[in-house]
Amino acid sequence: MISAFANTWKVPELRDRILFTLAMIVIVRLGVHVTLPGVDATVISAWMDAVEKNQSADEAGGLQAILGIFSGGALQQAGVFALGIMPYISASIMVQLMTAVVPKLSRLAREDGGRQKITQYTRYITIGIALVQGIFVARSLLTPESIPYMNGIGQVINELGRDLVPDPSVAWQALTVLTIVAGTLLLMWIGDQMTERGIGNGTSIIITVNIIAALPSALFQTWQYFVKREGASSFEVMMLVVMIAMLLIVIAGTISITQAQRRIAIQYAKRVVGRKQFGGQTQYLPLKVNYAGVMPIIFATAVLTLPTILLNQIFPNEPWSRAISDALLGGTWYYVVAAVLIFFFSYFWVATMFQPSQISEDLKRNGGYIPGVRPGKPTADFLDFTMTRLTFAGAIFLTLIFCVPLMVGKIVGLPPGSMVLQFFGGTSLLILVGVVLDVMRQVETHLLQRHYDGFLRKGKLKGRYDRLSQGGGSTGPTSSTAIVYLWAFIGLLLVIGAVAWIAK
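The rules behind these values
- Within any chain, residue numbers begin from 1 and follow the written order of that chain's sequence.
- With pLDDT at 70 or above as the cut-off, local features in this predicted model cover only qualifying residues; side-chain atom pairs require 80 or more to be listed or tallied, and sums for whole chains, interfaces and linings still use all residues.
- Only hydrogens and water are removed before side-chain values are computed, so all heavy atoms of the structure are retained for them.
- For the purposes of this entry, the term helix denotes a DSSP run of H or I that reaches at least four residues, the term strand denotes a run of E that reaches at least two, and both are numbered from the N terminus.
- Here's how the labels work: a residue is buried when its accessible area is under 20% of the maximum for its type, exposed when over 50%, partly exposed in between, all with a 1.4 Å probe on protein chains only.
- Contact definition: two residues touch when any of their heavy atoms are within 4.5 Å.
- Exposure was quantified through the Shrake-Rupley algorithm and a 1.4 Å probe, taking into account, for residues, occlusion by the shown protein chains and nothing else.
- For Phe, Tyr and Trp, where Trp contributes only its six-membered ring, two rings pair if their centres lie within 6.5 Å, and the inter-plane angle classes them as stacked under 30 degrees, edge-to-face over 60, or tilted in between.
- One requirement defines pairing of two strands: DSSP has to find at least two bridges between them.
- Every axis corresponds to a line fitted to the C-alpha atoms, with the helix fit spanning only the stretch in contact, and the corresponding angles, defined between N-to-C directions, vary from 0 to 180 degrees.
- What a helix is expected to span follows from its residue count: subtract one and scale by 1.5 Å.
- Here, nonpolar core means buried Ala, Val, Leu, Ile, Met, Phe, Trp, Tyr and Cys residues that are tied together by side-chain atoms lying within 4.5 Å of each other.
- Orientation categories follow fixed angle ranges, with anything under 35 degrees roughly parallel, anything over 145 roughly antiparallel, 65 to 115 roughly perpendicular, and all other angles oblique.
- Handedness of each helix crossing follows the sense of rotation of the near helix against the far helix: counterclockwise by less than a right angle gives left-handed, clockwise gives right-handed.
- Polar here means any residue outside two lists: the nonpolar Ala, Val, Leu, Ile, Met, Phe, Trp, Tyr, Cys and Pro, and the charged Asp, Glu, Lys and Arg; Gly therefore counts as polar.
- Patch membership is restricted to residues that have no salt bridge and whose relative accessible area is over 30%. Joining uses 9 Å for like charges and 5 Å for the nonpolar side chains Val, Leu, Ile, Met, Phe, Trp and Tyr.
- Between Lys or Arg on one side and Asp or Glu on the other, a salt bridge is scored when a side-chain nitrogen of the former is within 4 Å of a carboxyl oxygen of the latter.

(A) Quick peek at the overall build of the protein. Counting its regular elements, the protein contains 20 helices and five strands. Among the 504 residues that make up the protein, the fraction classed as buried is 46%. Nonlocal contacts in the protein, meaning residues at least 24 apart in sequence, comprise 73% of its contacts between residues at least 6 apart. Summing over all exposed atoms, the protein offers an accessible surface of approximately 25,500 Å²; the carbon and sulfur share of this is 63%.

As structure tokens, this is what we get:
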């Protein structure tokens, strides 16, 4: 595995792609710390220092988790990348859902050049979402005391005797909105460039970097809590070791479930065209256990966050409003409702995106069939039944991943607001695992195409080298093990984290 990392620098094209990706990561992280024009950066700096000193009082609610993931802290720091890549993600999800339910868009997606038009529509929607959200951000900066994700900044403003925005004019609001929209569009362009000229999906890498950027601070806070804190006992030091072991186990388990799939055999009929014979071979249709990915957790968190924001804005001083908000920010009811929503959105996403009738028609058109199942509607019913059972297993997995940070915090004794807990599960861990595995697959494909050793050398990998020697292509690892991916995952995590920390 170490030699595989070393071989990446022996392939000129792969080396250039990696260096370009790292350069874009530095630009993304630098933009996070550039304050919006007209905003007093000293107030932001003083508030950030106060938050670090009183980290245990920080709420670990769903709102801050989502904002931290997609903005990388830029929204809390009033940076030019305040919205991050979130408007583009929202627009992509909207268009993807509409493509599945609107027949006109569904036909457009299957036409030649249709994907380019859908991408263009997505960018237009991104601009509209960024404009609306930018207006809300600009207006909220005028009254920072009421912002949920900047808790405690009002006290800092009173101590300093300075406003966050010294000149809150209409011109400043217009300039702020334009700057925020431009920052979002710049991130969208950087993501496209990283996808085309770098390694992996650029948008996903931007989100991953924003998550990893919090890792050094989280590790430092954990070290301070377990080792350097007054009254820390040897038992608490042992809890730190236990937590590290649990982290490795959780990552290995997440990788295994993320890679797990049900392979359905597809038999193709033989066809004779002239003197050549086509078909007759058996292929496999892979159905992932976690087909919905991280989307159910994102949807569930957003649904639980929206009532909190509305109640705080409409009924800020009502006792019942505060009680509901506190219940939705954490506690037993928060996780019970979240589990129900995760199950609902898991099935909703699969029902929207997985089209067994379309797959059945494509198989029938190409002369393929599932052994023991008649073509047509019986095949569609079989795929639907199989996917329903897989979705149930995937929903249980997502629910466990969502609850793992709470359970780990209870076991090792970390406060609920600890930043390191987000790396034990939930949205952050699933995004990290998915993106890093995708980057590793692309790197390994480049290595194998040039006859270098990849990350995996044992098991059934010999067939891949045979296909390459015969002119075939490689589609990534076919006999992956969670342990090998775990160490490669940690290695890439450290590299990207080091670049993000240097840029900070």
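Still more to cover.
(B) Quick peek at the packing of aromatic side chains. Under the criterion given, the structure shown has six aromatic pairs. Taken together, a centroid distance of 6.2 Å and an interplanar angle of 15° make the contact between Phe 344 and Phe 348 stacked. Residue Phe 344 and its partner Phe 348 are both found in helix 15 (residues 332-353); the two are separated by four residues, about one turn of the helix. Phe 344 gets classed as exposed once you look at its relative accessible area, which sits at 51%. Judged by relative accessible area, which is 36%, Phe 348 ranks as partly exposed. Joined through ring pairs, the aromatic side chains of Phe 344, Phe 345 and Phe 348 make up one cluster.

(C) Region of the structure containing the environment of Ile 135. Mapped onto the fold, Ile 135 is located in helix 7 (residues 114-142). Distance from Ile 135 to Ala 174, taken between C-alpha atoms, is 8.4 Å for residues 39 residues apart in sequence.

(D) Structural context of the sheet that holds strand 5 (residues 368-369). Read across the open sheet, the three strands follow the order 4-1-5; overall the sheet is antiparallel. The open sheet terminates on both sides in strands that have one partner only, identified here as strand 4 (282-288) and strand 5. Sheet topology places strand 1 (residues 261-268) next to strand 5; two bridges connect them, and they run antiparallel. In the sheet register, Tyr 268 faces strand 5, and the bridge partner there is Gly 368. Helix-sheet contacts for helix 17 (residues 377-412) involve strand 1 and strand 4, and the interaxial angle to strand 1 is about 165°.

(E) Here's a closer look at helix 12 (residues 234-259). For helix 12, spanning 26 residues, the distance from its first C-alpha to its last is 38 Å, which sits close to the expected 38 Å at 1.5 Å a residue. Every buried residue of helix 12 is listed here: Glu 236, Met 239, Leu 240, Met 243, Met 246, Val 250, Ile 251, Ala 252, Thr 254, Ile 255 and Thr 258.

(F) Main features of the nonpolar core. Counting 96 residues, the largest nonpolar core has Leu 141 and Leu 164 as the members making the most contacts within it. If you tally residues by element for this core, the top one is helix 18 (residues 426-449), at twelve residues. Ignoring anything within four residues of it in the chain, the contact list for Leu 164 reads Gly 38, Val 39, Asp 40, Val 43, Ile 44, Leu 141, Pro 144, Ile 153 and Ile 157. With 13 residues, the next largest nonpolar core counts Ile 266, Val 289, Leu 363 and Met 387 among its residues.

(G) Fine view of the packing of helix 7 against helix 9 (residues 170-197). Packing of helix 7 against helix 9 leaves a shortest axis separation of 8 Å and a crossing angle of 140°. With respect to helix 9, the element helix 7 is oriented oblique. Crossing handedness for the pair helix 7 and helix 9: right-handed. From helix 7, Arg 123, Thr 126, Ile 127, Ala 130, Leu 131, Gly 134, Ile 135, Val 137, Ala 138, Arg 139, Leu 141 and Leu 142 reach across to helix 9, where they touch Trp 172, Gln 173, Thr 176, Val 177, Ile 180, Val 181, Thr 184, Leu 185, Met 188 and Asp 192. A breakdown of the residues in the contact of helix 7 with helix 9 according to their chemical character gives 14 nonpolar, five polar and three charged.

(H) Broad picture of a nonpolar patch on the surface. On the surface, Tyr 121, Tyr 124, Ile 127 and Leu 131 cluster together to form a nonpolar patch covering roughly 370 Å² of accessible area. Take Ile 127: its relative accessible area is 32%, and that puts it in the partly exposed class.

Any link to function would need more than the numbers given here.
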